[in-house]
Amino acid sequence: MNYWTGAAALVCLCIGIILLMASLTWFVNRRHDRLPMAYLLALVCLVVLQSLEFLYHASGWFQPFPFFLKLIDPLIVLIPFCVYGYIRALQGENVLSQPRGRWLHASPMIAVALLAIPFWSLPGEAKVHWMIQGMNSEALWQPVTLFGNPYLAVIGGLSLFYWGLQNKHGINSRKVAVKEWVGHLQRIQLVIAGSMALRITIYLIYDESFSVTYVLAPTMAYLTYLLLTHARPPAHLLRANLEPIAEPFIGGQPDVAAEHGGESSLSRALFSELCNAMEQGAFRDTALTLRKLADTCGTTTHQASAAINLCSGANFYEWVNRYRIDAANQALASTDLSVTEICYESGFNSKSTFNTAFRKINGCTPTEFRKKQENNPTGGLQTPGS
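Computed from a prediction, not measured in an experiment: that's the story for all the values here.

Quick look at the overall build of the protein chain
Of the regular secondary structure elements, the protein chain holds 16 helices and zero strands. When each of the 386 residues of the protein chain is scored for burial, the buried share is 48%. Across the protein chain, the fraction of contacts at a sequence separation of at least 24, relative to all contacts at a separation of at least 6, is 70%. Element-wise, carbon and sulfur atoms account for 61% of the exposed surface of the protein chain, whose accessible area totals about 19200 Å².

This is the structure in structure tokens:
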């Protein structure tokens, strides 16, 4: 057994399982965003399969169980496509929606599978023999099945192809988060292509072949870092034909969108995106404007304003102030920060504006509100009229 390669393969497998659990959770919970999550889930499953194959070879399990030799190679060549499919799905496009597209993207997998048929038809002893020969030296490999550098060249070439195809299409989303996320994913495409090229180059110059496991481990570590530091990977704007999202509005205002016909679904979907941005702290930006919030969510100021008006029954500044006052209420009740500090922490750019908005919503000054909380024996947040 090759212990170093086996250890690297085991690390890859453990990371892959972590990614699999995370992507499964996203797929289940984000029912309105299943398309990107499906591509991500497929990508992670292929990574786990590749890790299992590395462990299978490094441990020598292929000798007593030769049936699995080269069995998943046609699937692994789909990794570059899955990255590309995920990128396009983030922007609301399904690259497999047309039959022509399905055949085009499946053609590398079909070609690799057809070349592997003669190898799969060999007896188990012959499969083990040729695998050991190939491990000793790639020049000893005789079957027509892609092995070693030719196989890696296919994966590297596909990564470059899909990277160029994505550059040609560009990014259709206006969301800043989506643009940044696509940049990370395209970097992964280049890392895959570069690592394949490095491995091939080292073999051609020095006649040394090292396991691709050592390339996969840092690549997977980077992917894990990206996914786990983005607890909510960005998604494309929900389409009008999706089921409306019930989004409770802070401040207890009625959802007037339900009274409007065809506009309701799209407005509620967009309003959900806007609410997500606010819940992640956008309202704390003292320079927040409707344009800045719209750009963050990948929409226009007109669409954002219409969604806010329709779904909340308030204009942009009234809606934002309710988030800010709610945060101020929590801070006044649970912290020792001064009223001035809370004013700016909540997103207001002046104390006079803060006091006016606070009195309008709560019916009292921030100081009076804090005193009421201090006199509340139950410890619950008390608002005027409660």
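A few points about the nonpolar core
In terms of nonpolar packing, the biggest core is built from 55 residues, with Leu40, Leu43, Tyr86, Tyr151, Ile155 and Leu185 touching the most fellow members. Taken together, the elements giving at least two residues each to this core come down to helix H1 (3–29), helix H2 (34–58), helix H4 (79–90), helix H7 (149–169), helix H8 (176–206) and helix H9 (213–228). The element that contributes the greatest number of residues to this core is H2, accounting for 11 residues. Membership of the second largest hydrophobic core comes to 22 residues, among which are Ala277, Ala282, Leu293 and Ala294.

Brief notes about unusual backbone geometry
When glycine is set aside, most residues are seen to have a negative phi, and most peptide bonds are trans. One non-glycine residue, Lys70, adopts positive backbone phi at about 60 degrees. By relative accessible area, which is 5% here, Lys70 ends up buried.

Details of H7
Relative to the 30 Å expected for 21 residues at 1.5 Å per residue, H7 spans 30 Å between its end C-alpha atoms, a close match to the ideal helical length. Of all the positions in H7, only Asn149, Tyr151, Leu152, Ile155, Gly156, Leu158, Ser159, Tyr162, Leu165 and Gln166 are classed as buried. Against helix H3 (73–76), H4, helix H5 (99–120) and H8 lie the buried residues of H7. At the C-terminal side of H7, Gly170 shows a positive phi close to 75 degrees.

Description of the layout of surface pockets
The space that makes up the largest pocket amounts to roughly 1000 Å³. Contributing to the lining of the largest pocket are 42 residues, with Phe54, Arg199, Ser211, Val212 and Thr213 lying nearest its centre. Listing elements by their share of the lining of the largest pocket, those giving two or more residues are H2, H3, H4, helix H6 (124–136), H7, H8 and H9. Grouping the amino acids of the lining of the largest pocket by side-chain chemistry returns 24 nonpolar, 13 polar and five charged.

Describing the environment of Asn362
Take Asn362: it is sitting in helix H15 (residues 351–362). With a relative accessible area of 6%, Asn362 lands in the buried category. Within the structure, Asn362 has its side chain in polar contact with the side chain of Asn329 (distance 2.9 Å).

Re the pattern of salt bridges
A complete count under the given rule lists five salt bridges for this structure. Between Arg88 and Glu93 there is a salt bridge, with its nearest N and O atoms 2.9 Å apart. On the basis of relative accessibility, which here comes to 1%, the residue Arg88 falls in the buried class. With a relative accessible area of 28%, Glu93 lands in the partly exposed category.

Thoughts on helix H16 (residues 366–374)
For an α-helix the count is 3.6 residues per turn, leaving residues at separations of three or four pointing the same way. Every buried residue of H16 is accounted for by Pro366, Phe369, Arg370 and Gln373. Along the axis of H16, the buried positions cluster into a sector of 100 degrees, meaning they face one direction only. At its buried positions, H16 is contacted by helix H13 (316–334), helix H14 (339–345) and H15.

Side note on the packing of aromatic side chains
Tallying each qualifying case throughout the model produces 15 aromatic pairs. Ring centres 5.0 Å apart and planes at 75 degrees place the aromatic pair Phe316 and Tyr317 in the edge-to-face group. Taking the relative accessible area as the measure of exposure, Tyr317 reaches 52% and is therefore exposed. An aromatic cluster is defined as three or more aromatic residues linked by ring pairs; in this entry it consists of Tyr39, Phe81, Tyr84, Phe161 and Tyr162. In this structure, Lys70 packs its charged tip against the face of Tyr151, placed 5.2 Å from the ring centre.

A closer look at the environment of Ser272
Checked against the element boundaries, Ser272 lands in helix H10 (residues 263–279). Residue Ser272 is classed as buried on the basis of its relative accessible area, which comes to 7%. For the pair formed by Ser272 and Cys311, sequence separation is 39 residues and the distance between their alpha carbons is 9.7 Å.

Describing a nonpolar patch on the surface
A surface patch of nonpolar side chains, about 570 Å² in accessible area, is lined by Trp61, Phe65, Phe67, Phe68 and Leu71. Along the chain, Trp61 falls in the loop between H2 and H3. For Trp61, a relative accessible area of 48% corresponds to the partly exposed category.

Some thoughts on the packing of H7 against H8
Where H7 contacts H8, the two axes come as close as 9 Å, and the packing angle between them is 150 degrees. Here H7 lies roughly antiparallel to H8, going by the angle between them. Our pair here, H7 against H8, has a crossing hand that is left-handed. Seen from H7, the contacting residues are Asn149, Leu152, Ala153, Ile155, Gly156, Ser159, Leu160, Tyr162, Trp163, Gln166 and Asn167; seen from H8, they are Val182, Gln186, Gln189, Leu190, Ile192, Ala193, Met196, Arg199, Ile200 and Tyr203. Of the residues contributing to the contact of H7 with H8, the split by class is 13 nonpolar, seven polar and one charged.

Parameters at a glance
- Residues numbered from 1 in each chain as written.
- Predicted model: local features only at pLDDT ≥ 70, side-chain atom pairs only at ≥ 80, totals over all residues.
- Heavy atoms only, no water.
- Helix = DSSP H or I, 4+ residues; strand = E, 2+ residues; numbered from the N terminus.
- Buried < 20%, exposed > 50% of the residue type's maximum accessible area, 1.4 Å probe, protein only.
- Contact = heavy atoms within 4.5 Å.
- Areas by Shrake-Rupley, 256 points an atom, 1.4 Å probe, with all protein chains shown as cover.
- Core = buried A, V, L, I, M, F, W, Y, C linked by side-chain atoms within 4.5 Å.
- Expected span 1.5 Å × (residues − 1).
- 1 Å grid on protein atoms, 1.4 Å probe; cavity = no way out; pocket = protein on both sides within 12 Å on 5 of 7 lines; lining within 4 Å.
- Points joined across faces, edges and corners; volume = space filled by probe spheres on them.
- Nonpolar A, V, L, I, M, F, W, Y, C, P; charged D, E, K, R; others polar.
- Polar contact = N/O pair within 3.5 Å; in protein donor to acceptor, adjacent residues only side chain to side chain.
- Salt bridge = Lys/Arg side-chain N within 4 Å of Asp/Glu carboxyl O.
- Arc of directions from axis to C-beta.
- Phe/Tyr/Trp six-rings, centres within 6.5 Å; stacked < 30°, edge-to-face > 60°.
- Lys NZ or Arg CZ within 6 Å of the ring centre and 35° of its normal.
- Patch = residues over 30% accessible without salt bridge, like charges linked within 9 Å, V, L, I, M, F, W, Y side chains within 5 Å.
- Axes fitted to C-alpha atoms, helices over the stretch in contact; angles between N-to-C directions.
- Parallel < 35°, antiparallel > 145°, perpendicular 65-115°, else oblique.
- Left-handed = near helix turned anticlockwise from the far one by under 90°.

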